[in-house]
Amino acid sequence: KAGVTQTPRYLIKTRGQQVTLSCSPISGHRSVSWYQQTPGQGLQFLFEYFSETQRNKGNFPGRFSGRQFSNSRSEMNVSTLELGDSALYLCASSLEAGTGELYGYTFGSGTRLTVV
Amino acid sequence: AQSVTQLGSHVSVSEGALVLLRCNYSSSVPPYLFWYVQYPNQGLQLLLKYTTGATLVKGINGFEAEFKKSETSFHLTKPSAHMSDAAEYFCAVSGEGQNFVFGPGTRLSVLP
């Protein structure tokens, strides 16, 4: 069974641009969460989607947004990129809303975003 | 609110030696506790988890962890380190109706 797939794996963007990252969860998983990982701040929760609805949101500015499609695939978008947005963005899926907290999440390999 | 602390951002052990990675948590509800491992340029892989029941939990790759409520701890151990264990390890806490919160991570180096 395929794991969580994130595309692209690497991305280089210029300050001020916008970027869209994609995540396909494990087949049958309906909940998708996004995390930002940086050396200074560690793993920080961005948001969680379930049934095409944002279920939970972390403490990030409005430049960070996401959505989920009917097939559970999710995208996150960052507008007006800043140098500090350079990070590894990780997607994680779980079976249903709330099951991640109970059973743990399955993570993708991430998208490494570099802003220059 | 929940939080996780991991003592030691970097731990070095010799190959064959005991691995001990420390995790302490705070939680206002009965905690669910997790250990994840991250290899370079990879995502996080679940090593083991505690939700209810037996407080000594066995995971993959020979790792285990013990939930000690009185000490609010969930330390990760492995009797004998292998070179392949070199990675970053994250402890995480959640609970009923609570968000998943990660600790800052501990980088494990294994010396030949």
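Scroll up for the structure.
Residues numbered from 1 in each chain as written. Chains lettered and ligands numbered in written order. Predicted model: local features only at pLDDT ≥ 70, side-chain atom pairs only at ≥ 80, totals over all residues. Heavy atoms only, no water.

Undergrad: Sorry, what's going on with the interface of chain A and chain B here?
TA: In this assembly, 18 residues from chain A lie in contact with 18 residues from chain B. Both sides together, the interface formed by chain A and chain B hides about 1,400 Å², and carbon and sulfur atoms give 54% of it. Contact with chain B buries area across many residues of chain A, yet Leu43, Glu101 and Phe107 of chain A alone supply 34% of it, more than any other trio. Inspection of the chain A/chain B interface yields zero salt bridges. There are five residue pairs in polar contact (both at pLDDT 80 or more) connecting chain A and chain B. Broken down by secondary-structure element, the contributors of at least two residues to the side of chain A that touches chain B are β4 (31-38), β9 (87-94) and α1 (99-103) of chain A. If you tally residues by element for the side of chain A that touches chain B, the top one is α1 of chain A, at four residues. (Contact = heavy atoms within 4.5 Å. Buried area = accessible area lost by both parts, 1.4 Å probe. Salt bridge = Lys/Arg side-chain N within 4 Å of Asp/Glu carboxyl O. Polar contact = N/O pair within 3.5 Å; in protein donor to acceptor, adjacent residues only side chain to side chain. Helix = DSSP H or I, 4+ residues; strand = E, 2+ residues; numbered from the N terminus.)

Undergrad: Can you walk me through the pattern of salt bridges in this structure?
TA: Close approach of charged atoms allows side chains of opposite charge to pair. Residue and element names in this part refer to chain A. One pass over the structure, following the stated rule, counts nine salt bridges over all chains. Where Arg73 meets Glu75, a salt bridge forms, and the shortest distance between an N and an O atom there is 3.3 Å. Note on Glu75: relative accessible area 16%, which makes it buried. If you follow the salt bridges from partner to partner, you end up with Arg63, Glu82 and Asp85 in one network. (Buried < 20%, exposed > 50% of the residue type's maximum accessible area, 1.4 Å probe, protein only.)

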